[in-house]
Amino acid sequence: MSTSTPPTSQAAAGRPKVLVARKTFDDIVDRLRPHFEVESNDTDLPWPQDELIRRLQGKAGVYISGSDKIDVKLLDACPDLRVVCTMAVGYNNIDVAACSERGVLVTNAPDVLTETTADFGFALMMATARRITESEHFLRAGRWQHWSVTLFAGADIHGATLGVLGMGRIGAAIARRGHLGFGMPVIYHNRSRLPADQEGPLGAQWVEKDELLRRADHLVIVVPYSASSHHLIGQRELRLMKPTATLVNIARGGVVDDAALAAELKAGTIAAAGLDVFEGEPTVHPALLDCENVVLTPHIASATVATRRAMSALAVDNLILALTGGTAKTPLNAGQLRAR
Ligand code: 8YV
């Protein structure tokens with residue numbers, strides 16, 4: 001059930017109104033109350049777009065997650081909106097250019113989730129290479145009759161070549177783990193090459209994308225989603241990879257062509273995949289659900305209590321700062337805002 005928190009005093013009536021569009025930690029939402037009249041979504045379900053638009057009437061700011069869409073239709077229907085704060089680092093769900101044109105500030109939540117997300121990327125890579133969930137399903141199904149020398153024999157992590165597609169903050173944190181913790185040679189592809197003084201500590205070497213695909217034993221995808229990264233990995237790319245290689249996607253659904261991936265996993269083009277994000281999530285392509293050599297998780301790479309609290313708190317801080325005359329901590333379009 002959704003609740004609305006009405007103004008409790010005369011003073012509250014004059015305060016700006018904000019909407020917390022997704023359920024988050026109550027004590028963090030409470031930080032908004034001294035500054036604003038707050039309406040919050042206390043269900044754990046996203047509101048349909050029309051309901052979001054209806055609830056945004058008269059609201060100056062909105063707190064959203066990575067699955068709430070801020071598009072032209074919504075912006076044009078919500079002329080009072082001045083600030084959009086997402087608790088996610090990724091912002092492909094927000095039309096930032098359209099926000100800028102309408103003088104709407106957008107903030108995201110970088111940095112606070114970097115190490116947690118890198119931990120998870122590494123965990124998913126290890127689970128995939130060492131066939132952890134596949135073997136657990138086998139055991140739980142009562143199929144373990146005897147030990148065998150090749151039973152769930154997978155691929156080593158230590159010493160194997162780590163390929164990182166997208167060398168931003170999270171990509172670098174994964175590279176550092178591989179290089180320092182597991183003695184992995186690290187190769188990466190990114191539109192821009194890192195300066196030598198940043199490559200050195202990661203033991204990372206820039207290569208062309210096709211070379212990355214050919215050489216990586218374990219490929220981790222960490223590029224933001226945009227029109228130019230749509231299906232960056234499809235049939236052609238998968239067929240460049242080693243038959244023993246694994247692929248992990250913790251970036252966004254749509255960066256990988258899920259139908260092509262399922263087909264190539266079934267054909268044995270690569271050994272296995274670990275996926276935390278999906279095209280059209282929370283729906284997962286049925287052909288992927290049908291593959292045994294895939295580890296599937298429900299978009300939880302940043303999901304530790306401490307990190308989800310830090311992400312929420314950063315979004316709330318941004319909302320307060322932006323609407324009370326301060327400077328948001330992590331703005332995305334502060335320099336591009338059209339005057340209102
Ligand atoms: C979030 C993410 O959990 O921050 C991101 O971009 O993908 C995840 O860490 C999610 O999007 C929050 O809504």
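Residues numbered from 1 in each chain as written. Predicted model: local features only at pLDDT ≥ 70, side-chain atom pairs only at ≥ 80, totals over all residues. Heavy atoms only, no water.

### Quick look at the overall build of the chain
What the chain contains, in helices and strands, is 14 helices and 13 strands. What you see for the chain is a C-alpha radius of gyration of 22 Å, in line with the 20 Å of a compact globule of 340 residues. In terms of principal-axis extent, the alpha carbons of the chain reach across some 75 × 50 × 30 Å. Looking at the chain as a whole, 51% of its 340 residues qualify as buried. (Helix = DSSP H or I, 4+ residues; strand = E, 2+ residues; numbered from the N terminus. Rg over C-alpha atoms; globule rule 2.2 N^0.38 Å. Buried < 20%, exposed > 50% of the residue type's maximum accessible area, 1.4 Å probe, protein only.)

### Some points on the site of the ligand
Taken together, the residues surrounding the ligand are Ser65, Gly66, Ala88, Val89, Gly90, Leu113, Arg252, His299, Ser302, Arg308 and Met311. Within the side chain of Arg252, an N or O atom sits 2.7 Å from an oxygen atom of the ligand. Within the contact set of the ligand, an oxygen atom lies 2.7 Å away from a side-chain nitrogen or oxygen of His299. The residue inventory of the shell around the ligand, partitioned by class, reads 4 nonpolar, 5 polar and 2 charged. (Near = heavy atom within 4 Å. Polar contact = N/O pair within 3.5 Å; in protein donor to acceptor, adjacent residues only side chain to side chain. Nonpolar A, V, L, I, M, F, W, Y, C, P; charged D, E, K, R; others polar.)

### Description of the nonpolar core
If you look at the biggest cluster of nonpolar residues, it comprises 51 residues, and the most contacted ones within it are Leu32, Ile174 and Ile250. The set of elements that each furnish at least two residues to this core consists of β2 (17–20), α2 (26–30), β5 (83–86), α6 (114–129), β7 (162–165), α8 (169–182), β8 (186–189) and α14 (305–323). The greatest single-element share of this core, amounting to 8 residues, is contributed by α14. Two domains each provide a minimum of three residues to this core, namely domain 1 (3–110 + 305–336) and domain 2 (114–296). Not counting the four nearest positions on each side in its chain, Ile250 is found in contact with Thr117, Phe120, Gly121, Leu124, Ile170, Ile174, Val220, Ile221, Val222, Asp276 and Val277. (Core = buried A, V, L, I, M, F, W, Y, C linked by side-chain atoms within 4.5 Å. Domains from an automatic or database assignment. Contact = heavy atoms within 4.5 Å.)

### Describing the domain arrangement of the chain
With domains assigned, the chain is organised as domain 1 (3–110 + 305–336) and domain 2 (114–296). Between domain 1 and domain 2, the C-alpha centre-to-centre distance is 33 Å. With 5 residues of domain 1 in contact, the opposing surface of domain 2 contributes 4 residues. The contact between domain 1 and domain 2 buries some 440 Å² in all, and 49% of this surface belongs to carbon and sulfur atoms. Considering only the surface of domain 1 that becomes buried against domain 2, Asn92, Pro110 and Thr307 emerge as the three largest contributors, covering 73% of it. Where domain 1 packs against domain 2, one counts 0 salt bridges. Counting every contact that joins domain 1 to domain 2 gives 2 residue pairs in polar contact (both at pLDDT 80 or more). Among the residues forming the side of domain 1 that touches domain 2, the class breakdown is 2 nonpolar, 3 polar and no charged. (Buried area = accessible area lost by both parts, 1.4 Å probe. Salt bridge = Lys/Arg side-chain N within 4 Å of Asp/Glu carboxyl O.)

### Concerning the packing of aromatic side chains
One pass over the structure, following the stated rule, counts 2 aromatic pairs. With centroids separated by 4.9 Å and ring planes inclined at 35°, the aromatic side chains of Phe122 and Phe182 adopt a geometry described as tilted. Taken together, the positions of Phe122 in helix α6 and Phe182 in helix α8 put the pair 60 residues apart, joining distant regions of the chain. Given a relative accessible area of 29%, Phe182 falls into the partly exposed group. Ring geometry for Phe138 against Phe152: centres 5.0 Å apart, planes inclined by 70°, an arrangement best described as edge-to-face. Of this pair, Phe138 sits in helix α7 (residues 132–140) while Phe152 is found in the loop between α7 and β7, placing the two residues 14 residues apart along the sequence. When sorted by exposure, Phe138 lands in the same class as Phe152, which is buried. The residue whose ring lies beneath Arg309 is Phe25, and the NZ or CZ to ring-centre distance is 5.3 Å. (Phe/Tyr/Trp six-rings, centres within 6.5 Å; stacked < 30°, edge-to-face > 60°. Lys NZ or Arg CZ within 6 Å of the ring centre and 35° of its normal.)

### Some thoughts on unusual backbone geometry
For the bond running from Glu281 to Pro282, omega is 15°, close enough to zero to count as cis. Despite not being glycine, Asp111 has its phi angle at roughly 70°, a positive value. Checked against the element boundaries, Asp111 lands in the loop between β6 (105–107) and α6. Assessed through its relative accessible area of 48%, Asp111 is described here as partly exposed. Although it is not a glycine, His299 adopts a positive phi angle of roughly 50°. The class for His299 is partly exposed, based on a relative accessible area of 30%.

### A look at the UniProt feature "domain: D-isomer specific 2-hydroxyacid dehydrogenase NAD-binding" (unreviewed entry) in the chain
The UniProt record marks residues 122–301 with the feature "domain: D-isomer specific 2-hydroxyacid dehydrogenase NAD-binding" (unreviewed entry), using the residue numbering of this structure. In this annotation, residues 122–301 is assigned 35% helix and 14% strand; the end-to-end C-alpha distance for the span is 10 Å. (UniProt positions renumbered as here; feature names shortened; annotations may be inferred.)

### With respect to the packing of α6 against α8
Where α6 meets α8, the closest approach of the two axes is 8 Å, and the angle between their N-to-C directions is 55°. Looking at the two axes, α6 sits oblique to α8. When the axes of α6 and α8 are compared, the crossing they make is right-handed. Where α6 approaches α8, its residues Thr114, Glu115, Thr117, Ala118, Asp119, Gly121, Phe122 and Met126 are matched on the opposing element by Arg169, Ile170, Ala173, Ile174, Arg176, Arg177, Gly178 and Phe182. (Axes fitted to C-alpha atoms, helices over the stretch in contact; angles between N-to-C directions. Parallel < 35°, antiparallel > 145°, perpendicular 65-115°, else oblique. Left-handed = near helix turned anticlockwise from the far one by under 90°.)

### A word on α14
The α-helix winds at 3.6 residues per turn, so residues separated by three or four positions along the chain end up facing the same way. With 19 residues, α14 extends 27 Å from end C-alpha to end C-alpha; this agrees with the ideal 27 Å at 1.5 Å per step. Backbone geometry just downstream of α14 places Gly325 in the positive-phi region, at approximately 85°. (Expected span 1.5 Å × (residues − 1).)

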